[in-house]
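Descriptive analysis of the structure
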Amino acid sequence: MPFTHGAACPPSRLAAPRAAATMGEAPEPSSQAPLAVLSKVELRVSCKHLLDRDTLNKSDPCVLLLMQSQGQWVEVDRSEVIKSNLNPVFAKIFTVDYYFEEVQKLRFEVYDSHGHAGIGTHDDDFLGGMECTVGQIVAQKRVTKPLFLKYGKFAGKSTITVISEEISGNNGYVELAFRAKKLDDKDLFSKSDPFLEIYRIDNDRSEQLVYRTEVVKNNLSPIWEPFKVSLNSLCSCEEKRKLRVRKGDGAGAWRGDTPGQRGCRVPQVQWECMNPKYKIKKRNYKNSGVVVLLDLKIHRVYSFLDYIMGGCQIHFTVAIDFTASNGDPRNSCSLHYINPYQPNEYLKALVAVGEICQDYDSDKKFSALGFGARIPPKYEVSHDFAINFNPDNDECEGEPGPAARSCLPKIQLYGPTNVAPIISKVARVAADEERTKEASQYFILLILTDGVVTDMADTREAIVRASYLPMSIIIVGVGNADFTDMQILDGDDGVLRSPRGEPVLRDIVQFVPFREFKNASPTALAKCVLAEVPKQVVEYYSYKAFPPRCPQPDTPDSSLSSPQ
């Protein structure tokens, strides 16, 4: 399809504004707390070597951001116009909602604005466009691609760079504990009743109350109860932001910086509590006591995008059922029948899920396995064979559908429907990854089967073992079989246990019958089966206490494909 510019649809409503940070004490952390799948992502745009369309001076570029909705391109937002600049860095920050389970197609269009007419009219010169997905941008964090004119023609040496950053609503919490010594006595008939107030100093130098401790009655050397405050409330997630702490009962104030040490305790430090009036009036005034920080510990709460933008790759493996119950592939009634005009259910499910996952794997290669067939050369039954028949490298370039089709004439559909060997095979690779103790690779196994598994006990055992590893399992039931017994693997109605009674560490299995999505778009299936993956990724790395990796140095995207 040739690249065309100018959005035909009216601009959509802009993304909802970022929610204000909640002040006050942080909620008690819980591994069972629901995790929001939706994130908001900021996109920053710059260009280089733009075409010069003006005769007397350089182009005045502006960028339009469009998103595909129901097959149409809809304008989301646009940047400012930068005068006479062929290498613009736009101040405008685009904000988009991010969903892992969707293919969110974006188009960036660059125009030379003439000022007297609106962007998108025939008076503006089109400088080039680029298409990509939100998933590609967040997975690479920085995407640089060439700009194309109409009909796939390069716009000279023009390039566009898009940098992404997650808008984090919750980046963790801080545990704090304070005490004071030798405070001034402000009461006539008893000792003071001190308390502390912590204020955040904002960029405009205003002060925002974050937390107030309890009052300790009749005590000049109080010890306050430890408390928790969210990083958002305390310092807007900026560990070097200054704080001010005031002591109640009028003994003055002290202030200091937040120690910026992640997840570790700091030695006790103390500050003098100063009363400005006493400092002026009393010649030998030293202080009104000291406040001591007994303990500070920062607990990070990482999001799915923290791991993805830190370089975590999603490796996708598909396992296809080649048992005889699928029917003879040469027969049009077979679930494996290759219709030249319409893909079968296996291929539809494979494409729907694979299209999402490919954005998060840098080499764009999928592992493709089969089970339940007799395979060459000895035609023995195998339940974990590579469909390219290369035991040393089971990966396929791009979408594995063609490899699945070419595999069919070479095998004999047989049985039974055993999936435990496939789960165990992927689990062994995931176990090797776990030993690196880094959040570098997470595994998704998609099992496509036409019936209830026959090795249920072994499958339950394999899933329990896999729940301790960086992997998730998606099972799609193809055809019209009764899949009632497969629901037990999902764990939504109760905790899945091994035959010995051991529960799964995490719920890592999602099962759906394809027939429930037969008349829906492929995106509906992907949304259903992949919606839980971000939560499962975060749960695993949180359990292991693996932080996101440090992002690697930015490298331009070498892809030179024109927009489709």
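For the structure itself, look to the data block above.
Residues numbered from 1 in each chain as written. Predicted model: local features only at pLDDT ≥ 70, side-chain atom pairs only at ≥ 80, totals over all residues. Heavy atoms only, no water.

Next up on the list: the overall build of the protein chain. When helices and strands are counted, the protein chain shows 11 helices and 26 strands. Taken over 564 residues, the protein chain has a buried fraction of 49%. A sequence separation of at least 24 residues applies to 72% of the contacts in the protein chain between residues at least 6 apart. For the protein chain, the exposed surface amounts to about 27,700 Å²; the carbon and sulfur share of it is 50%. (Helix = DSSP H or I, 4+ residues; strand = E, 2+ residues; numbered from the N terminus. Buried < 20%, exposed > 50% of the residue type's maximum accessible area, 1.4 Å probe, protein only. Contact = heavy atoms within 4.5 Å. Areas by Shrake-Rupley, 256 points an atom, 1.4 Å probe, with all protein chains shown as cover.)

Spatially, 20-19-23 is the arrangement adopted by the three strands of the open sheet, whose pairing is antiparallel. Each end of this open sheet is capped by a strand with a single partner; those strands are strand 20 (380–382) and strand 23 (412–413). Bridge count between strand 19 (residues 373–375) and strand 23: two bridges; the pairing is antiparallel. Each residue of the ladder has a partner; that of Arg374, found in strand 23, is Gln412. (Pairing = 2+ DSSP bridges.)

This part is about the pattern of salt bridges. Applying the stated criterion to the full structure yields 20 salt bridges. Here Arg500 ties to Glu461 by a salt bridge, and the two come within 2.8 Å at their closest N and O atoms. Of this pair, Arg500 sits in the loop between helix 9 (487–490) and strand 26 (509–513) while Glu461 sits in helix 8 (residues 456–466), and the two are 39 residues apart along the sequence. A single salt-bridge network, built from bridges that share partners, covers Glu461, Arg465, Arg500 and Glu502. (Salt bridge = Lys/Arg side-chain N within 4 Å of Asp/Glu carboxyl O.)

A few words now on unusual backbone geometry. Cis geometry marks the peptide bond from Pro376 to Pro377; its omega dihedral reads 5°. The omega angle of the peptide bond from Gly415 to Pro416 is 0°, so this bond is cis rather than trans. A positive phi is found at His49, a non-glycine position, where the angle reads about 55°. Within the secondary structure layout, His49 lies in the loop between strand 1 (39–48) and strand 2 (61–69). Classification of His49 as partly exposed rests on a relative accessible area of 48%. One non-glycine residue with positive phi stands out, namely Ala545, at about 60°. Along the chain, Ala545 falls in the segment after helix 11 (533–544).

Counting 92 residues, the largest nonpolar core has Phe108, Phe322 and Leu530 as the members making the most contacts within it. For this core, the element with the highest residue contribution is helix 5 (residues 345–357), accounting for eight residues. Leave out the neighbours within four places in its chain, and Leu530 touches Phe100, Glu101, Val353, Ile356, Cys357, Ile444 and Ile474. Ala319, Met471, Ile475 and Phe511 belong to the second largest nonpolar core, which has 32 residues in total. (Core = buried A, V, L, I, M, F, W, Y, C linked by side-chain atoms within 4.5 Å.)

Attention now goes to the pairing of strand 11 (residues 207–212). With five bridges connecting them, strand 10 (residues 196–201) and strand 11 associate as antiparallel partners. Bridged to Glu197 within strand 11 is Arg212. Linking two consecutive strands that pair antiparallel, namely strand 10 and strand 11, is a turn of five residues; a positive phi of about 70° is found at Arg205 within it.

Bringing the packing of helix 7 (residues 420–434) against helix 8 into the picture now. Where helix 7 contacts helix 8, the two axes come as close as 8 Å, and the packing angle between them is 15°. Of the possible angle classes, the one that applies to helix 7 and helix 8 is roughly parallel. By crossing handedness, the relation of helix 7 to helix 8 is classed as left-handed. Listed contacts from helix 8 to Ala420, Ile423 and Ser424 of helix 7 are Asp458, Thr459, Ala462, Ile463 and Ala466. Of the residues belonging to the contact of helix 7 with helix 8, the class tally is five nonpolar, two polar and one charged. (Axes fitted to C-alpha atoms, helices over the stretch in contact; angles between N-to-C directions. Parallel < 35°, antiparallel > 145°, perpendicular 65-115°, else oblique. Left-handed = near helix turned anticlockwise from the far one by under 90°. Nonpolar A, V, L, I, M, F, W, Y, C, P; charged D, E, K, R; others polar.)

To continue, consider helix 7. Since the α-helix turns once every 3.6 residues, residues separated by three or four places project in the same direction. Between the first and last C-alpha of helix 7 there are 20 Å, a value that for 15 residues agrees with the 21 Å anticipated at 1.5 Å per step. Among all positions in helix 7, only Ala420, Ile422, Ile423, Val426, Ala427, Ala430, Ala431, Glu433 and Glu434 are buried. (Expected span 1.5 Å × (residues − 1).)

Sheet architecture is open: four strands sit in the order 12-9-16-15, paired in antiparallel fashion. Looking at the sheet topology across the chains shown, the edges are occupied by strand 12 (227–230) and strand 15 (269–272). Adjacent strand axes in the sheet meet at a mean angle of 35°, parallel and antiparallel pairs treated alike. Judged from the 10 bridges that link them, strand 9 (residues 172–181) and strand 16 (residues 290–300) form a sheet pairing that is antiparallel. Residue Lys181 lies in a different strand from strand 16, and its bridge partner there is Val290.

Glancing now at the environment of Tyr173. Along the chain, the position of Tyr173 falls in strand 9. Judged by relative accessible area, which is 11%, Tyr173 ranks as buried.

What follows is about the packing of aromatic side chains. Evaluation of the coordinates by the stated rule reveals 16 aromatic pairs. Aromatic pair Tyr307 and Tyr541: ring centres 5.0 Å apart, planes at 25°, arrangement stacked. Taken as a pair, Tyr307 in helix 4 (residues 304–309) and Tyr541 in helix 11 lie far apart in primary sequence, 234 residues in all. This pair shows no difference in class: Tyr307 is buried, exactly as Tyr541 is. Judged by centre distance (4.9 Å) and plane angle (85°), the ring pair of Phe316 and Phe366 falls under edge-to-face. With Phe316 in strand 17 (residues 313–321) and Phe366 in strand 18 (residues 365–371), this residue pair connects regions lying 50 residues apart in the sequence. Phe366 gets classed as buried once you look at its relative accessible area, which sits at 1%. Following the ring pairs from residue to residue traces out a cluster consisting of Tyr302, Tyr307, Tyr442, Tyr540, Tyr541 and Phe546. (Phe/Tyr/Trp six-rings, centres within 6.5 Å; stacked < 30°, edge-to-face > 60°.)

Any functional reading would require information that these geometric values do not contain.
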